[in-house]
Amino acid sequence: MTSTQGNLKRTEPVTASVVETVRVAVEVALPTLAGGVIKRRPTAMAVAEKLRFDRPAVKLLARLRDRHDGRPLRLRVPGRPVELALAAEDVGTLLAGAPTPFSPSTVEKRAALGHFQPHGVLISDAGDRRPRRRFTEAVLEPGRPLHELAAPFARAIADEAAVVLSEATHDGELSWDAFNVAWWRLVRRVVLGDQARDDDTVTDQLARLRLDANWAYVHPRRKQLRARFHERVTAHLGRAEPGSLAAVIAELGADGKVSPADQVAHWLFAFDAAGMVTFRTLALLATHPAALDRVRADLDGVDLAEPNQLSYLRACVLDTIRLWPTTPMVLRETTEKTSWGPAGTTVLVFTPFFHRDARLPYADRFEPDIWLDGRADANPALVPFSAGPAVCPGRDLVQFCASTMLANLLRGHGFEQASGPVLSPDRPLPATLDNFHLRLKLLPD
Ligand code: HEM
């Protein structure tokens, strides 16, 4: 991607009125920030779901798009140029233009992620990004549905799913808390090795740092806690346990620029979102019988002790992320003058607006087939894992772990929604789905 693509002929931005800017700040930016950008806040999520905060944001942006013919909206933010993308084509062009002229490393992300991964690839400049991205891709293997270590991962997933099911059988239902504890055991096994399975401390340390990261510049950095977290991750990586990503890292080696522990900090953080997505997908399958039938048909005769490419379940996971994106605000910062404005312009892509665009027939429905029949590919603004050179390198591993966990949970068991908003094929799905307070009743199959 050359920088000229940032200057491709496109419609000139239009400057928002003060009222429009204030409404975007109050109805779009504020609820997103309140929900917790780096670590979700359960109370804020519960309030957002109850008061349906997210729906007005999508409606407001649809009105602004119609009013301004989809031209980018230059917000009246004092001190810096900030623009909002309102056309699907612009999203495609922006994301394709990483890292120059549209850098994923923005001032906000550096301030937030710097709390726990100051050398992470996402907040690296173009020079440092290259070796860090190369390293990340070599370990995570994006583009490969079944990771080289898919076999040991599948065994770990089966073990942890069995624990989840036995606890749910005992309690009669599956809560987020129970699921999440098991999910984190799995994540630590996959990333750091079996010996890290019960190391809640490393997850708790990261959680504390992520809560600070929600406050970006406002919260002072906890240098000692970060040093302890870094040491703990490094010690786990040092064991290079076979069957874990730590072993792949050891085998690869890394040059000085890479800072593997910082890359791993991002992976651990991002696996949290994958747990939320898995649990939400389970809730959707519990409430969408036709989709569940498809899943069951696909699982017929499949040996879950072996790694499998469960295409329909993967599509279910993708559609759950479309419906409730875990990165609702994708940000880019221009590295030079482009048609978006001078170097240093921040561009905002509010993904729920594009994913739930009322002009899409499936906007508020669970429609996994769009990921299999080309409809999603035809829309450059459906970006559950972002797109372009900085697309999420964990996307295939996430889909593998999530779909395999779901397959294990659904084999021989059914679930029924026991709390939360109505999820039904006959009603528009809610704009927010608070995973933290969601409970699913376990049914014998
Ligand atoms: C449901 C789970 C996940 C979703 C929806 C997701 C989505 C995304 C999105 C939207 C971005 C772009 C962010 C931006 O441009 O600001 C991203 C970046 C990234 N993701 Fe994920 N992600 C998930 C899980 C993971 C996991 C588990 C890993 C690692 C194992 C991972 C590794 C990364 C990395 C390293 C980046 C930065 C890429 C770069 O800057 O080149 N993600 N992800």
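Preceding block: the structure.
This text gives an overview of the structure that appears in the document. (Residues numbered from 1 in each chain as written. Predicted model: local features only at pLDDT ≥ 70, side-chain atom pairs only at ≥ 80, totals over all residues. Heavy atoms only, no water.)

Moving on, we come to the site of the ligand. Lining the immediate environment of the ligand, one finds 26 residues, of which Lys109, Arg129, Arg133, Arg332 and Cys392 sit closest. Between Arg129 and the ligand, the recorded distance is 2.6 Å, taken from a side-chain N or O atom to an oxygen atom. When residues of the shell around the ligand are traced back to their parent elements, those giving at least two are α6 (126-140) and α12 (260-287). For the shell around the ligand, the element with the most residues is α12, which contributes 7 residues. Here the residues of the shell around the ligand sort into 16 nonpolar, 6 polar and 4 charged. (Near = heavy atom within 4 Å. Polar contact = N/O pair within 3.5 Å; in protein donor to acceptor, adjacent residues only side chain to side chain. Helix = DSSP H or I, 4+ residues; strand = E, 2+ residues; numbered from the N terminus. Nonpolar A, V, L, I, M, F, W, Y, C, P; charged D, E, K, R; others polar.)

Across the sheet, which stays open at both edges, the 6 strands sit in the order β1-β2-β3-β7-β6-β4 with mixed pairing between neighbours. The sheet is open, and its two edges are formed by β1 (14-15) and β4 (102-103), each paired on a single side. Two strands pair when backbone bridges link them, and strand β3 (residues 82-84) and strand β7 (residues 346-350) are joined in this way by 3 bridges, in the parallel orientation. Residue pairing for β7: Val82 is matched across the bridge by Thr346. (Pairing = 2+ DSSP bridges.)

Here the focus is the coordination of the iron atom of the ligand. Here the protein supplies the iron atom of the ligand with just one donor, Cys392 (SG), and that contact is 2.3 Å long. Tracing the chain through its elements places Cys392 in the loop between α15 (351-355) and α16 (395-410). (Donors = N, O, S within 2.8 Å, 3.2 Å for Na, K, Ca; no water.)

Mapped onto the secondary structure, Leu372 falls in the loop between α15 and α16. Distance in space between the C-alpha atoms of Leu372 and Leu94 is 25 Å, their sequence separation being 278 residues. In this structure Leu372 touches Arg294, Ser311, Tyr312 and Ala315, once residues within four positions along its chain are discounted. (Contact = heavy atoms within 4.5 Å.)

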